[in-house]
Amino acid sequence: MSKVRRHALVAATALLALLGSGSPAVPVPLSSPDPEPASAPAASAGPAATAVLAPIAAHHHGGGLLHGTSSNWSGYTATGGTFTSVSAGWVQPSVSCTSSDAWSAFWVGLDGDGSKTVEQIGTEADCSSGSPVYSAWYEMYPAYPSNFSNPVQPGDHFTASVTTDGAGSFKLTLSDTTQGWSRTVDKSLKNATLASAEVIAEAPSSIFGVLPLADFGTVDFTGADVNGQSLGASKASITDMAEDGVTRATTSELSGGTDFSVTWHHS
């Protein structure tokens, strides 16, 4: 089952040698049997980008069981119906940059679990050349993501939501209640399947596979809501991030039907 999200920023010193001419990266499946969308225009580098970083398209996969595993997702996914809204809050975690380059992202979204569209918004906590980099973004996949210019710091309290009228119109909102800014994006995606809703901590991927997961410690999600009811009422699947016998992150059971945490274990 294919799970997709935004591009990841990968060290160009390694990638440009593989990419040769530097032409735009083409999205391809990693290990999913599902077909993926065709190539898209090259994305602009986000806040984490420097002279030694290049934007690469990302793809994600795994999960979908009552309590399953994914190579790059940890959190909750609701499937088996039509989903028109999802929301949650979280506290932006601080990353410990023990390696030069690593990535982590925290978001809410519709679609992406087995579908070829995705509508997501959230924050990121990365390590670039050994230094922490924090940012915020939204994405209407298969279009490339867009980064917000607003500041993001560890400890900031965020609320996020994605809603749709079910006819192709979407409203994506992200608010930093600590620093006092909020961004709302109105977008249209007529072929959105509305087949899932998620609240997720993620290890982004490049065309070469899942990237190292930045050590974010623990991120606490609160007030998670799907289709106007608690996340628990949606009978969402719980997913841990693990692959080849290595547990990368684990997801707690729900508290009060709306709150849970994701804990980092391995890059």
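The residue count restarts for each chain, going from 1 along the sequence in the order it is written. Whole-chain, interface and lining totals are the exception, using all residues; otherwise, since this is a predicted model, local features are given only for residues with pLDDT of at least 70 and side-chain atom pairs are given and counted only at 80 or more. Hydrogens and waters are ignored; side-chain quantities use all the structure's heavy atoms.

1. Looking at the overall build of the protein chain
Let me state the cut-off plainly: Only DSSP runs of H or I reaching four residues or more are called helices, and only runs of E reaching two or more are called strands; each is numbered from the N terminus. Burial classes follow relative accessibility: with a 1.4 Å probe on protein chains only, a residue under 20% of its type's maximum area counts as buried, one over 50% as exposed, and anything between as partly exposed. Contacts were defined at the residue level, with two residues in contact if any of their heavy atoms lie within 4.5 Å. All accessible areas in this document rest on Shrake-Rupley with a 1.4 Å probe, and a residue is counted as covered only by the protein chains that are shown.
For the protein chain, the count of helices and strands is 1 helix and 22 strands. Across the 267 residues in the protein chain, those meeting the buried criterion constitute 53%. Nonlocal contacts in the protein chain, meaning residues at least 24 apart in sequence, comprise 72% of its contacts between residues at least 6 apart. When the accessible surface of the protein chain is summed, it comes to about 10200 Å², and 53% of that surface belongs to carbon and sulfur atoms.

2. Observations concerning the packing of aromatic side chains
Aromatic ring pairs are defined here through the distance separating the ring centres and the angle between the ring planes. Spelled out, the test is: In this scheme Phe, Tyr and Trp rings, the latter by its six-membered ring, pair at centre separations within 6.5 Å, and the angle between planes marks the pair as stacked below 30 degrees, edge-to-face above 60, and tilted otherwise.
Applying the stated criterion across every chain yields a total of 8 aromatic pairs. Ring plane angle 65° and centroid distance 4.7 Å describe the contact between Tyr-76 and Phe-260, whose orientation is recorded as edge-to-face. One end of the pair, Tyr-76, is in strand 6 (residues 73-79); the other, Phe-260, is in strand 22 (residues 260-264), with 184 residues separating them in the sequence. One exposure class covers both Tyr-76 and Phe-260, and it is buried. Centre to centre, the rings of Phe-158 and Trp-181 are 5.9 Å apart; their planes meet at 70°, and the pair counts as edge-to-face. Here Trp-181 lies in strand 14 (residues 181-188) and Phe-158 lies in strand 12 (residues 157-164), a separation of 23 residues in the sequence. The pair formed by Phe-158 and Trp-181 is uniform in burial state, with each residue classed as buried. Counting every residue linked through ring pairs, the aromatic cluster contains Tyr-76, Trp-90, Phe-158, Trp-181, Phe-221 and Phe-260.

3. Some details on the pattern of salt bridges
This is how it is decided: The salt bridge criterion pairs a side-chain nitrogen of Lys or Arg with a carboxyl oxygen of Asp or Glu, the two atoms within 4 Å.
Scanning the model with the defined rule gives 1 salt bridge in all. The shortest N-O distance in the salt bridge between Lys-171 and Asp-186 comes to 2.8 Å. Placement of the pair is Lys-171 in strand 13 (residues 169-176) and Asp-186 in strand 14, with a sequence separation of 15 residues.

4. Some details on the state of the cysteines
The criterion, for reference: When two cysteine sulfur atoms are found within 2.5 Å, that pair is recorded as a disulfide.
In total, this model carries 1 disulfide according to the counting rule given. Linked covalently through their sulfurs, Cys-97 and Cys-127 form a disulfide whose S-S length is 2.2 Å. Note on the Cys-97 and Cys-127 pair: the S-S dihedral is about -90°, so by sign convention the disulfide is left-handed. Of the two residues, Cys-97 sits in the loop between strand 7 (85-91) and strand 8 (105-111) while Cys-127 sits in strand 9 (residues 118-128), which places them 30 residues apart along the sequence.

5. Side note on the environment of Asn-191
With respect to the element layout, Asn-191 can be found in the loop between strand 14 and strand 15 (196-202). Asn-191 gets classed as exposed once you look at its relative accessible area, which sits at 52%. Considered as a pair, Asn-191 and Gly-168 are 23 residues apart in the sequence and their alpha carbons are 7.0 Å apart.

6. Looking at the nonpolar core
Cut-off, in case you're wondering: Nine residue types can take part in a nonpolar core, namely buried Ala, Val, Leu, Ile, Met, Phe, Trp, Tyr and Cys, and a core is a set of them joined through side-chain atoms within 4.5 Å.
In terms of nonpolar packing, the biggest core is built from 49 residues, with Trp-90, Val-108, Ile-121, Phe-170 and Leu-174 touching the most fellow members. Leave out the neighbours within four places in its chain, and Val-108 touches Val-86, Ser-87, Ala-88, Trp-90, Glu-119, Gln-120, Ile-121, Ala-160, Ser-161, Val-162, Glu-198 and Val-199. By size, the runner-up hydrophobic cluster in this structure holds 5 residues, among which are Trp-73, Ala-105, Trp-107 and Trp-137.

7. Points about unusual backbone geometry
The linkage connecting Tyr-141 with the following residue, Pro-142, adopts the cis geometry, with an omega of 20°. Structurally, Pro-142 is set in the loop between strand 10 (131-141) and strand 11 (146-148). With a phi close to 55°, Ser-129 is a non-glycine residue in the positive phi region. With respect to the helices and strands, the residue Ser-129 is situated in the loop between strand 9 and strand 10. Residues other than glycine seldom take positive phi values, yet Leu-194 does so here, at roughly 55°. Tracing the backbone through its elements, the reader meets Leu-194 in the loop between strand 14 and strand 15. Exposure remark for Leu-194: the relative accessible area of 7% places this residue in the buried category.

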